[in-house]
Every structure is written in structure tokens, then in C-alpha cells.
Amino acid sequence: MSTETPAKLRSRAWFDNPANIDMTALYLERYLNFGISLEELRSGRPIIGIAQTGSDLSPCNRHHLVLAERLREGIRDAGGLAIEFPVHPIQETGKRPTAGLDRNLAYLGLVEILYGYPLDGVVLTIGCDKTTPACLMAAATVNIPAIALSVGPMLNGWHKGERTGSGTIVWKARQMLAAGEIDDAQFIQLVASSAPSTGYCNTMGTATTMNSLAEALGMSLPGSAAIPAPYRDRQESAYWTGKRIVEMVAEDLKPSDILTLDAFHNAIAVNSAIGGSTNAPIHLAALARHVGVELPLKDWEHKGHQVPLLVNLQPAGEYLGEDYYRAGGVPAVVGQLMRHGLIAEDALTVNGRSIGDNCRDATIEDEKVIRPFDNPLRDEAGFIVLSGNLFDAAIMKTSVISPEFRDRYLSNPDDPEAFEGPAVVFDGPEDYHDRIDDPAVGITTETLLFMRGAGPIGYPGAAEVVNMRPPAYLITEGVHALPCIGDGRQSGTSGSPSILNASPEAAALGGLALLRTGDRVRIDLRQRRADVLIPDSELAERRAALQAEGGYGYPASQTPWQEMQRGCVGQLSTGAILEGAEKYQRIAQTKGVPRDNH
Ligand code: FES
Ligand code: MG
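Under an unreviewed UniProt entry, the name given to the protein is Dihydroxy-acid dehydratase, and the organism recorded is Sphingomonas ginkgonis. Its UniProt record, at the heading Sequence similarities (unreviewed entry), says of the protein: "Belongs to the IlvD/Edd family."

Participant: Lay out the overall build of the protein in plain terms, naming residues and giving numbers.
Facilitator: The helix and strand inventory of the protein stands at 23 helices and 14 strands. Over its C-alpha trace the protein gives a radius of gyration of 24 Å, about what one expects of a compact globule, namely 25 Å for 598 residues. Over its C-alpha atoms, taken along the principal directions, the protein stretches across nearly 75 × 55 × 50 Å. Residues classed as buried in the protein amount to 54% of the 598 residues present. Looking at the protein alone, contacts between residues at least 24 apart form 79% of all its contacts between residues at least 6 apart.

Participant: Can you explain the pairing of strand β13 (residues 520-524)? Please cite residues and give values.
Facilitator: Looking down a regular strand, the side chains alternate between one sheet face and the other. The alternating pattern of β13 places Val-521 and Ile-523 on a buried face and Arg-520, Arg-522 and Asp-524 on a face that is not buried. Sheet analysis places strand β9 (residues 419-427) next to β13, joined by 4 bridges and oriented antiparallel. Its bridge partner lying in β13, Gly-421 is registered against Val-521. Note that β13 and strand β14 (residues 529-532) share 4 bridges and pair antiparallel. Opposite Ile-523, over in β14, you have Ala-530 as the bridge partner. The hairpin formed by β13 and β14 contains 4 residues between the paired strands, and Arg-528 there has a positive phi angle of roughly 60°.

Participant: Any details on the packing of helix α7 (residues 168-178) against helix α8 (residues 184-192)? Residues and values, ideally.
Facilitator: Where α7 meets α8, the axes come as close as 9 Å, and the angle between the chain directions of the two elements is 165°. With respect to α8, the element α7 is oriented roughly antiparallel. Relative to α8, the crossing made by α7 is right-handed. Where α7 abuts α8, its residues Ile-169, Val-170, Ala-173 and Leu-177 lie against Phe-187, Leu-190 and Val-191. Residues of the contact of α7 with α8, tallied by class, amount to 7 nonpolar, no polar and no charged.

Participant: Can you lay out the sheet that holds β13 for me, pointing to particular residues and giving the numbers?
Facilitator: One open sheet accounts for 8 strands, arranged β7-β8-β12-β11-β10-β9-β13-β14; its pairing is mixed. Of all the strands in the sheet, the pair left with one neighbour each is β7 (383-386) and β14. Neighbour-to-neighbour, the strand axes of the sheet open up by a mean angle of 25°, direction not taken into account. In this structure, strand β11 (residues 484-486) lies alongside strand β12 (residues 498-503), joined through 2 bridges in parallel fashion. Within β12, the residue paired with Cys-484 across the bridge is Ser-498.

Participant: Explain the sheet that holds strand β4 (residues 146-150) to me, and be specific about the residues and the numbers.
Facilitator: With respect to topology, 4 strands assemble into an open sheet ordered β2-β1-β3-β4, the strand pairing being parallel. At either end of the open sheet lies a strand with only one pairing partner, and these are β2 (81-86) and β4. Shown here is a sheet whose adjacent strand axes are inclined to one another by a mean of 25°, direction ignored. Relative to strand β3 (residues 121-126), strand β1 (residues 47-52) runs parallel, the two sharing 4 bridges. Considered in β3, the bridge of Gly-49 is made with Val-122.

Participant: Go over the pairing of β2, please, and point to the residues and values.
Facilitator: Here β1 pairs with β2 via 6 bridges, running parallel. For Ile-50, the partnering residue across the bridge sits in β2 and is Glu-84. Handedness of the crossover joining β1 and β2 through helix α4 (residues 64-77): right-handed.

Cut-offs applied
Residues numbered from 1 in each chain as written. Chains lettered and ligands numbered in written order. Predicted model: local features only at pLDDT ≥ 70, side-chain atom pairs only at ≥ 80, totals over all residues. UniProt positions renumbered as here; feature names shortened; annotations may be inferred. Helix = DSSP H or I, 4+ residues; strand = E, 2+ residues; numbered from the N terminus. Rg over C-alpha atoms; globule rule 2.2 N^0.38 Å. Buried ≥ 20, exposed ≤ 12 C-beta atoms within 10 Å, placed from the backbone. Contact = placed C-beta atoms within 7 Å. Pairing = 2+ DSSP bridges. Axes fitted to C-alpha atoms, helices over the stretch in contact; angles between N-to-C directions. Parallel < 35°, antiparallel > 145°, perpendicular 65-115°, else oblique. Left-handed = near helix turned anticlockwise from the far one by under 90°. Nonpolar A, V, L, I, M, F, W, Y, C, P; charged D, E, K, R; others polar. Right-handed = clockwise from strand over helix to strand, strands pointing away.

This is how it looks when you write it as C-alpha cells:
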């Protein structure tokens, strides 16, 4: 691969502009401060940004502070100059009211950095759930050469000889606590056992999902997504990532060259095969819109539903991140799908080769962890997309529903039954926590649990609160799940059979706003329908009454950003992006460089 620099690097507009020598001097003098010499800055070497998402506030990505050293070495060895800068921290489990609020904020900040500073290319340090889409979305908008480096998952968690996985153990442990099987101290100990090292969640939660999909999209080096954070190979992948971005600048290989419709369809197929998170459709929709690719939600069903589940990771299966890497990671999965025509092989990746060339010979190293295509954990493991009078669009992850349930409601044509029952409606997680165990609420095995007020506007930010456990009195009788439906999200680490991301949300006066506890609801998975069994005339009356009251009530904004984002955020089915931002695409090409600052 040639490392010749292209005729004109965008950083030259800052550091080498003979037409405006006093501005060039002003730019140069301050960047000399941290040790890059004048000669280097004026040498025409590409300036490579390291978008640093790790910090003490973001333990999942904190190892990037270490990996950045190897990145810098790779960048310098390939002839580039590295400049590291912070990205607004997003930590999934620490940020209130939800990390979902911050994805678009980090995106916005990174767009300004990538566009407004003398950067020719960027390494996106991805990891914890929202850091991956935020970084990819910004790189897509600005469209300078970009490569993603995953921080990698934590080592496997263990407790009494069994694997304990991030998040998944929490959902299990809270049932054990509710049933009185463990006390508070044991609860904390059990959960803590799942986090033995630096890195992101070791289950197939949103982090492993999005890092796998970044590789499937072609945005990270092949085989790099699954390497556990503390492994030696992780350091090595940082070095090669640093080297490669310098070459990408020379080749002018940009996100828009990689993030094509084929790449998104590949990611959808991989998401089904890995048992990926229900957050993926939100983030891929957002990314597609920022790069100008038409990706309707229905593509998740058309391209993804028929794909079998191959990766045996919690929550859908048994294993964890170290096992996934050992078994072959993303290339092994893509290799299986390719042999069955489920991958667009020509899609280009950051290494300059096609995904087909990268993965054609990839093999599975442990068939217990990554199953061969002909012996999957489950057939037809992708999402289905539902609509009805409760919402225009929502998705359901079918890989986590029980075989009995699938047979009865989804796949067996001889038993074309829909499930139907009375609704119990919660307005936000506080309401749910207050009332879930109260026998007076009347929850039975027939009940469908609803969560609303949890979307991008209502929460605000769309929180992962739709996965609700049954009341303790049912858990002790052996009932471990009830159908959950809501306008918020669900943690990727949860295995609940839920209908999620309902759009439009209650706060935008979607059908969920009109639902009342006690209404009968019918979910017909075969017809992909979800309806409340109430005449249209009554729904219209309820809607008029609600509008007269001023709409569906939700908490007041607590920060400027909450208010600003509420004013322009879209719904989950279309990526929940800042709607005004979509028209700014490929700005490094369409807008030139910004004007001088003095
Ligand atoms: Fe950060 Fe799971 S909480 S990766
Ligand atoms: Mg989460």
C-alpha cells in the first residue's frame, strides 16, 4: 500500500498557507507547544486525530488511554503525526438519566472537532455502547478518513465455577433477590463477579454488538473487534490500526466509500448471527442517515430475520467475550454467512480489501461457541418489525424467546394463534418500581406489561427500561418473564421477550399514550401486528381528551441539553438523530475548510 500523501492534505490549510502567512504562523506556534517540531508540522505529514473516549468516568473505554500509546507508535511509524483529544464521555451504566441522551451530544462535539481542527484522518476509539455510534456518526458526517479501534471486552466473569456475564447476571440476580434466594450483599457480589478486568461488557450486549458491527460494516481491521481488552493482541491491533489510518489518508479512503447500503445489509445479517442488541437498529439507522444511505427499518426483517443464530454468547446463549474471540470472532461468523450467500462480498473495508477477501478463509475454532451455519443455535434469529394502532413501528428480538413461545405464536403455521391479554401500563420506571410487586395491580400470567414515557422526548434520551421482571409473587411460582412492550429501549444484555423502540413514543402522542390499564391488547406476531382492541372512535375520543389536557405528560427538562435535544430529536425507528443534522453530509468535501479564526 502506498504511503504517499495526496496532493493536498486539509491540515495544510492551517500549517502551510503562503497566501495567509500570519494565520499559518498563529496556527503553528501553538501546536509546537506539545513537542511536534516546526519541521514536522510543515513537512506535509498527515495529522491523525485520536478521538479518545476513555477516561475515569468511562471505565469501559478507559483502556484506550493505554492503547493510545501503541496507536501513536503505529501512526508515527507510518509517517503520520498523532494528536489525541477527548470525546464527551458516555458511560452506559453511570450516566443519568440515560447514556442515550449523550450519543447525539458526543456526535455534535466530535463533528466540530473533526471539522474545525487541522486533522487529515482520525482513529475512533470505540467501546461502551453509545461511544461506537457517536464516533461513527460524526466521522460519517465530516467524512475524513476514519478507522475504528475497539477497546475490547472484559475477561470472562466467574462465580462458583460458572460464567457470569455483564448485565445478564444483573437481570438474573434481581429475580433471585426478589425471590429471596440471595441477600443484598450476595446480590452485589454476584454482579461484581461479572466485571473482572478493564474492557466493555463481556456479554453480547450493545457494546459487543456495536463493536462487532463496526467490523462488519468494514470500519475496523478484520478480526479486531472481539479481542479482549487486556490481551496482548489488543495492543497489537492498536499498532496496526495506527499504521493503517496513515495509509488510508494517502489513499483518501473515506467513510462514504465504506458505509454503503451493502455494508449496512452485511451488518444486519451479522447482527442476527451474533444475537445482537435491539439497540443496533437505532444506531445503524442514525449512521445510515448521516452518511446518506436509505435504510428502512423493514430491512432488518428482510435482510436479517431469516439469518440463524450462530454465536452462543449470553444473553441468548452460554458463553462470553473471551470465548467469542477464541472461537474466531467476527470473521468466523462472516465466513459462515458468506458461504450461504448472506454477505455482499464486495463491500470495501478499512484495510482496502473487500469483506469477502478478508473473511473467505476464516474458520471456526470452537464450534460450541460459534456454531456452523448448518447447526445453528436457532433458525430465523433476526428481528421482526411490528406495527398497529399502538405504534407505527417497533422491533422484537426473536432469538431470546423460548422455543415453546416461538412455536405457538411465530413459526408453526398449524397453530396460527395471536397472544392476547389485559394491559398493565407503567408511566416510567419509578411507577414500575413502586407498583410491580403490589398484588392490587392485578398482574397475572396473562398480563402484558407496558412501559411508556421512556422514549427520546419523554425520558428524555430513550432509556433502557422496557425490560421489566414479573412481580415477585409470580417469580416464586416459576414465572420468569411476561411480555414487555414500550417506547423505550432494552439493555442488549437482557433476554426478555420484549417489543421495543415503539415509535412514535407516548410523548409524541403515539398510540401508547392512549392505552389504559385493563385494555385488551392483541399481538399477532405472524401478521406483525400489535393492537389495542378498542374501536377507532374511542381511540379518537381518548386522543382528543389527551390533547385538550396538553398531551402526554413527562418530566420537565433538567439541563439545557435535555431541552435542546427534545426540541429536535427524531424517533427511535429512524435513529433518534438530531433531525436538523442530517442535511450536513460529507462536509469535509462539500463545505471545504472553515474560515480562519482571526
Ligand atoms: Fe459500558 Fe457495558 S456498560 S460496555
Ligand atoms: Mg445498556
